[in-house]
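Coordinate analysis (summary)
What follows is each chain in one-letter form.
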Amino acid sequence: MKIHAAATIGFAAYGLETAVTQLADAGFREIEISHMNTFCAHLPYADTSPEAVVDILDRHAVRPIACNIAIGREEPNGQHRFFDYTESEDAREAMTHGRWYLELASSLGVHKVTMSTARRQFDEHEWLRHLRAAARVFREHARIAADLGMDIHLEVPHLFQITDSVDHVKAMFEEVDHSALGATVDTSHWGVIGYDIDELFNFLGDRLRHIHLRDSAGSDTRDFRQDLELTPGRGTVDFTFFREAL
């Protein structure tokens, strides 16, 4: 497995220019630009100038191949909150945010955008209600992405999101059912959730279009006190097993 690109989320505590500088100095010519709201503010919603981003990339001779975007609302206390897709106002705002990020990525020449969905639900009735509401928005996101000649990805399964198991991933893809919807698989979430990786890959097939390699430690507990931001080799993920499954 050859690693040919790295993500700016590795420098989440710094601005985009510092992240790009560090990655370029490490020899990477292809990067994923991340934006996780208050945690990694590299493409702030409605405040990002495509021209300014292109200038940074050109000066460091790097090319963006993907974006990883967490859409949601910033609370007055500075915390990130998932959109509640069952609420009409949140659903409309999520649609606006999604379109803006897809158009921004397109202007940067990016053809893959991984985007967060709804918050994880532990009650099965609530899970289905929230999944169907999120799927309505992501069908529209997928249509916009297709019009722009892009893919939109869900990072699946995801410890914090509504697609937290292989069965829930299957349900989401069946609900959205669009060729522009692909999947990003992150090794750190697999390491914690412990789902059947062969079952996931067999289901996804050619929907699997992007990989995040991160390490993790901890078990799938509801307190969400796992370590998900570890450099490979510093956690418990079996990368050899993952490579063989892939």
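As shown above, the structure is provided for reference.
The rules behind these values
Residues numbered from 1 in each chain as written. Predicted model: local features only at pLDDT ≥ 70, side-chain atom pairs only at ≥ 80, totals over all residues. Heavy atoms only, no water. Phe/Tyr/Trp six-rings, centres within 6.5 Å; stacked < 30°, edge-to-face > 60°. Helix = DSSP H or I, 4+ residues; strand = E, 2+ residues; numbered from the N terminus. Buried < 20%, exposed > 50% of the residue type's maximum accessible area, 1.4 Å probe, protein only. Lys NZ or Arg CZ within 6 Å of the ring centre and 35° of its normal. Contact = heavy atoms within 4.5 Å. Salt bridge = Lys/Arg side-chain N within 4 Å of Asp/Glu carboxyl O. Polar contact = N/O pair within 3.5 Å; in protein donor to acceptor, adjacent residues only side chain to side chain.

A look at the packing of aromatic side chains
In the structure shown here, the tally under the stated rule is 10 aromatic pairs. Aromatic side chains Y85 and F138 sit 6.3 Å apart centroid to centroid with 50° between the ring planes, which places their arrangement in the tilted category. Pair noted here: Y85 is in the loop between strand 5 (80-81) and helix 3 (88-107) and F138 is in helix 4 (residues 124-147), with a separation of 53 residues, a long-range link. Judged on exposure class, the residue Y85 and its partner F138 are both buried. Judged by centre distance (5.7 Å) and plane angle (50°), the ring pair of W190 and F242 falls under tilted. Taken together, the residues span a long stretch of sequence, with W190 in helix 6 (residues 187-193) and F242 in helix 8 (residues 239-245) at a distance of 52 residues. Accessibility classification places W190 together with F242 in one group, the buried group. Across from the ring centre of F203, 4.7 Å away, lies the NZ or CZ of R207, which sits over that ring.

Some points on helix 1 (residues 16-25)
All of the buried residues along helix 1 are L16, A19, V20, T21, L23 and A24. If you follow the buried residues of helix 1, they end up packed against strand 1 (6-7), strand 2 (30-35) and helix 2 (50-59).

Describing the pattern of salt bridges
For the coordinates displayed, the defined rule picks out 17 salt bridges. The closest approach of N and O atoms between E140 and R143, which form a salt bridge, is 2.5 Å. In this pair, E140 and R143 both sit in helix 4, three residues apart, roughly one turn of the helix. Taking the relative accessible area as the measure of exposure, E140 reaches 26% and is therefore partly exposed. For R143, a relative accessible area of 34% puts it in the partly exposed group. With a shortest N-O distance of 2.8 Å, D147 and R143 are connected by a salt bridge. Of this pair, D147 and R143 are both found in helix 4, four residues apart, which corresponds to roughly one turn of the helix. Look at the salt bridges and you will find they share partners, linking R73, R81, D90 and E93 into a network.

With respect to the side chain of R214
Positionally, R214 belongs in the loop between strand 9 (208-212) and strand 10 (215-217). We classify R214 as buried; its relative accessible area is 15%. Here the side chain of R214 touches L228 through a polar contact of 3.4 Å, landing on its backbone oxygen. A polar atom in the side chain of R214 sits 2.8 Å from the side chain of E229.

Keep in mind these values describe shape, not function.
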